[in-house]
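Summary of structural features
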Amino acid sequence: LRACLIVFVLTATAIVPRQFQLEAVLATLNGQDTIITAGTGSGKTLCIIIPILLCPGTISMTISLLKRL
């Protein structure tokens with residue numbers, strides 16, 4: 001719920017997190033590893049940013065495979 005409220009307020013009420021984003025954030029906050037596969041523009045970045053905002057001082061590692069440079 002806190003994650004939803006943070007995103008909702010920071011985006012001036014323009015963005016409400018999608019279900020896969022909330023599931024990924026909750027899993028991350030519970031210490032589980034997460035793998036997210038979704039299309040371009042679907043909001044994967046929020047899955048990374050929300051846990052960092054909720055738990056400052058933690059370390060996050062993101063691996064992103066690029067098809068083209």
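The rules behind these values
Sequence order sets the numbering: in each chain, residues are counted from 1 along the sequence as written. In view of the model being predicted, local features appear only for residues whose pLDDT reaches at least 70, and side-chain atom pairs are presented and counted only at 80 or more, with totals across whole chains, interfaces and linings using the full set of residues. With hydrogens and water stripped out, all remaining heavy atoms of the structure feed into the side-chain values. Only DSSP runs of H or I covering at least 4 residues are called helices, and only runs of E covering at least 2 are called strands; the numbering of each starts at the N terminus. Classification of residues uses two cut-offs on accessible area relative to the type maximum, computed with a 1.4 Å probe and protein chains only: under 20% is buried, over 50% is exposed, and between them is partly exposed. In this description, contact between two residues means that some pair of their heavy atoms is separated by no more than 4.5 Å. Per-residue and other accessible areas follow the Shrake-Rupley method at a 1.4 Å probe size, with only the shown protein chains counted as cover for residues. pLDDT is a residue-level measure of predictor confidence that goes from 0 to 100.

Within the protein, the regular secondary structure consists of three helices and zero strands. The order of α-helices and β-strands along the protein, N terminus first, is α-α-α. Across the 69 residues that make up the protein, the buried fraction comes to 17%. Here the contacts in the protein between residues at least 6 apart in sequence split such that 38% fall between residues at least 24 apart. Total accessible area on the protein is roughly 5,700 Å²; 62% of this is exposed by carbon and sulfur atoms.

Right, let's get into the confidence of the model for the protein. Chain-level pLDDT for the protein is 76 on average; 75% of the residues reach the 70-or-more range. The secondary structure element of the protein with the lowest average pLDDT is helix α1 (residues 2-10), at 67, and the one with the highest is helix α2 (residues 19-29), at 84.

To continue, consider the side chain of glutamine 21. Along the chain, glutamine 21 turns up in helix α2. By relative accessible area, which is 3% here, glutamine 21 ends up buried. Glutamine 21 has contacts with Ser42, Gly43, Leu46 and Cys47, leaving out every residue within four places of it along the chain.

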